[in-house]
Amino acid sequence: MWTFLRRISLTQWILIAMVLGILFALWARSVGHAEYAENLRPISTTFLRMIKSIIAPIIFATLVVGIAGHGDDMKRVGRLAFKSILYFEIVTTLALFIGLLAVNFVQPGVGVVLPPRPEGAPVAGEPPTFASVLEHTVPQSFFEAAARNEVLQIVFFAVIFAIALSQVRGRAKETMVAFCEALAEVMFKFTGIIMKFAPIGIGAAIAVTVGHSGLQVLENLAKLILTLYGALVVLGLVVLLPAARLARVPLRTFLRAVKEPALIAFSTTSSDAALPKAMERMEAIGVPRRIVSFVMPTGYSFNLDGTTLYLAVASIFSAQAAGIHLSLGQQLVMMLTLMLTSKGVAGVPRAALVVLIGTLASFNLPLEAVVLILGVDEIMDMARTTVNLVGNCLATVIMARWEGEFDDAKAEAFGQEVSV
């Protein structure tokens, strides 16, 4: 029996917990005691507090490593670094806007009735304007910003710190970068431990919400999933495909090469699991090793197309679920925040959730909807991780073509080998 239970994956436990939470809430409503479900709220609140506790260290560590850790490489490769970063920022910005358009058009969060906030809980204030965000960006103290989970202030400090660190030479730099790498690694494990509690926290959250508002919330979650998948398809057709055509990427060969790594990414929801095979395949179709070894790892810090689109959809869904209207200007400021805070989080289990919670907290938006999103996050994670991988593979081919170093003969030979 114990062996059987250990074989059940975290995703399966989350699904089991969701079903149990829904059944418990429906039973509570049927006997006229919906408050039984409401009594589970402290469990879901505890889970949210655990997630919030890792925001500051994980964002600081990953940003510093992502910038300072690549400092020498960027100077050495110079032109390639500039072209890569330019391409990454254009594509991820377009991904954010596609996500923003999709979630505003479909409005999957409209109709969700979140349970009333417990008495004494902080009430969401007015979403900040661009001017107030600008004034609030610079921290008076990093430790104060970390204690209050002020994400923009943490990002500002981390970016300046990383730039300063990249200008340092010798032992001091090595020590600090190693410390941040170690901190990031520990926080990844910390996140993994917290996620062990996820089935209990999610089961409680779904019970509270269904106990309060019925089964309507499940329809909204289904709309959220379809919105994300539809937006990712649009991203592929409107952004990635034209980019590939402009760069004269041999599409059939590319798709054959990326098929296996993409399946690994989709099934494991892990960019890291698919990365070695993806790098090997990109070299096999004619991308020089020096370009693969720079663009792929850098892309996993700066070119998370699927994740940035998901963050746009999930953040506005949360605001819609809370019944809070955000103006276009406020949404654009939020997208800028997400674009900055999402850098360097590839390969971190549920890192997008950490970024999402930190950003929503900065914009005074309630976090209850995030726990509901986490219940179906695995289904969305499969798609966004796959798009992250395919987008980074495509970026390596485009950069090789842009540098005039793509080996067409090698690509043709690979295509013939696969066809045989």
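Residues numbered from 1 in each chain as written. Predicted model: local features only at pLDDT ≥ 70, side-chain atom pairs only at ≥ 80, totals over all residues. Heavy atoms only, no water.

Chemist: How would you sum up the overall build of the chain? Please name residues and give values.
Modeler: A tally of regular secondary structure across the chain gives 22 helices and zero strands. Out of the 420 residues belonging to the chain, those deemed buried represent 52%. Across the chain, the fraction of contacts at a sequence separation of at least 24, relative to all contacts at a separation of at least 6, is 84%. Surface accessibility of the chain: about 18,900 Å² in total, with carbon and sulfur atoms responsible for 66%. (Helix = DSSP H or I, 4+ residues; strand = E, 2+ residues; numbered from the N terminus. Buried < 20%, exposed > 50% of the residue type's maximum accessible area, 1.4 Å probe, protein only. Contact = heavy atoms within 4.5 Å. Areas by Shrake-Rupley, 256 points an atom, 1.4 Å probe, with all protein chains shown as cover.)

Chemist: Give me the packing of helix 13 (residues 216-246) against helix 17 (residues 305-321): which residues, what numbers.
Modeler: Where helix 13 meets helix 17, the axes come as close as 10 Å, and the angle between the chain directions of the two elements is 140°. It follows that helix 13 is oblique to helix 17 by the angle criterion. The handedness of the crossing between helix 13 and helix 17 comes out as right-handed. Contact with helix 13, carried on its side by Asn220, Leu221, Leu224, Thr227, Leu228, Ala231, Leu232, Leu235 and Leu240, involves Asp305, Gly306, Leu309, Tyr310, Val313 and Phe317 of helix 17 and no other residues of that element. The residue makeup of the contact of helix 13 with helix 17, split by class, is eleven nonpolar, three polar and one charged. (Axes fitted to C-alpha atoms, helices over the stretch in contact; angles between N-to-C directions. Parallel < 35°, antiparallel > 145°, perpendicular 65-115°, else oblique. Left-handed = near helix turned anticlockwise from the far one by under 90°. Nonpolar A, V, L, I, M, F, W, Y, C, P; charged D, E, K, R; others polar.)

Chemist: Now, about the environment of Asp305: what can you tell me, with residues and values included?
Modeler: Tracing the backbone through its elements, the reader meets Asp305 in helix 17. Sequence separation of Asp305 and Leu232 is 73 residues, and the distance between their C-alpha atoms is 8.9 Å. Beyond its immediate sequence surroundings of up to four residues, Asp305 is in contact with Val91, Thr92, Ala95, Leu235, Leu240, Val387, Asn388 and Gly391.

Chemist: With reference to specific residues and values, describe the packing of helix 17 against helix 20 (residues 368-375).
Modeler: Axis separation between helix 17 and helix 20 bottoms out at 9 Å; the angle between their running directions is 130°. When the axes of helix 17 and helix 20 are compared, the pair comes out oblique. In the packing of helix 17 onto helix 20, the handedness of the crossing is right-handed. Where helix 17 approaches helix 20, its residues Tyr310, Ala314, Phe317, Ser318 and Ala321 are matched on the opposing element by Ala369, Val370 and Ile373. Each residue belonging to the contact of helix 17 with helix 20 can be placed in one class, and the counts come to seven nonpolar, one polar and no charged.

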